[in-house]
Amino acid sequence: MSANVPTDIRFSFAALARRGGETGPHADGWGITFYEGRGCRSFHDPEPSARSELAKLLRRYPIKSRIVVAHVRKANRGRVSLENTHPFSRELWGRRWTFAHNGQLKGVKRLPLGRFEPVGTTDSEHAFCWMLSQLQERFRKAPRAATLEAAIAEYALTLSELGVFNMLLTDSRVLYAHCGKRLCYLTRRAPFGTATLIDEDWRVDFAQETTQTDIVTVIATRALTRDETWTELERGDTLVLTDGAVRVLKGTSRRRPRAASEMHGAA
């Protein structure tokens, strides 16, 4: 999630948690990271999120954040363990970066690493460490926004050549999402309406929960609600989300992704 005001994520998280072993097969651990300014708080559990006591606690605990990254895991590479649960986190340029991925990347562990090394054994964490190593080697300090997002889109396309690379990545300021197979998003903004979860009998009237200036974008592999319009991304596309606003970098060229600055929204 990316938003222009601190936002409660419990509604969307309730649906995602059910997909971790109840309405979906991703039962091999879960994690979530909430950003508060430059800092963040993270929770991880190798238990299925649908049965996790920690997940139940978070569904009742109204943490408000402008950027949230959450993940439910289906283990393909690396055993089921706490160190292999997403999201993963590292520091670069004085910013706390967070990364989550689904898919499989054949041969990714042959890619060379710099000072960033995996703690666990997943192909996902190796890909994350490789991306940060490439960024650090290429830029001695944080580059301007347009240069950074183009580099991230380029590296995401490179990793997509190794398999399926659906990615969420943030540096506490901007949220990036890359579609390697299937990804969709929804932007809520005025005039707000009601929404009903697909995975749980929970309906919210967002007109009662928001102000007229709120902008909130939620990204997921599959739509979380049944009565809102979700936008499907094309393979190779990278989303750049700042304060809930969406821009799409078209993945037509690995070297020069094309930017489209149109804001997308759905009530």
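Residues numbered from 1 in each chain as written. Predicted model: local features only at pLDDT ≥ 70, side-chain atom pairs only at ≥ 80, totals over all residues. Heavy atoms only, no water.

An unreviewed UniProt entry annotates the protein as Glutamine amidotransferase originating from Methylorubrum thiocyanatum.

Trainee: Help me understand the environment of Glu83, please; the structure alone is not making it clear to me.
Mentor: By the secondary structure assignment, Glu83 is in the loop between strand S4 (64-72) and strand S5 (88-92). Residue class for Glu83 comes out partly exposed when judged on its relative accessible area of 33%. Other than its neighbours up to four places away in sequence, Glu83 contacts Phe88, Val119, Gly120 and Glu125. Only 3.1 Å separates the side chain of Glu83 from the side chain of Arg79, close enough to count as a polar contact. Separated by 3.3 Å, the side chains of Glu83 and Ser81 make a polar contact. (Helix = DSSP H or I, 4+ residues; strand = E, 2+ residues; numbered from the N terminus. Buried < 20%, exposed > 50% of the residue type's maximum accessible area, 1.4 Å probe, protein only. Contact = heavy atoms within 4.5 Å. Polar contact = N/O pair within 3.5 Å; in protein donor to acceptor, adjacent residues only side chain to side chain.)

Trainee: Just to check I follow, could you spell out the pattern of salt bridges for this structure?
Mentor: According to the stated counting rule, one finds 18 salt bridges in the structure shown. Between Glu125 and Arg90 there is a salt bridge, and its shortest N-O distance comes to 2.8 Å. Separated by 35 residues along the polypeptide, Glu125 in helix H3 (residues 123-138) and Arg90 in strand S5 bring together distant segments of the chain. An identical accessibility class is assigned to Glu125 and Arg90; each is buried. A salt bridge links Glu149 to Arg247; the nearest nitrogen and oxygen atoms lie 2.7 Å apart. Of this pair, Glu149 sits in helix H4 (residues 145-160) while Arg247 sits in strand S15 (residues 245-250), and the two are 98 residues apart along the sequence. Classification of Glu149 as buried rests on a relative accessible area of 8%. (Salt bridge = Lys/Arg side-chain N within 4 Å of Asp/Glu carboxyl O.)

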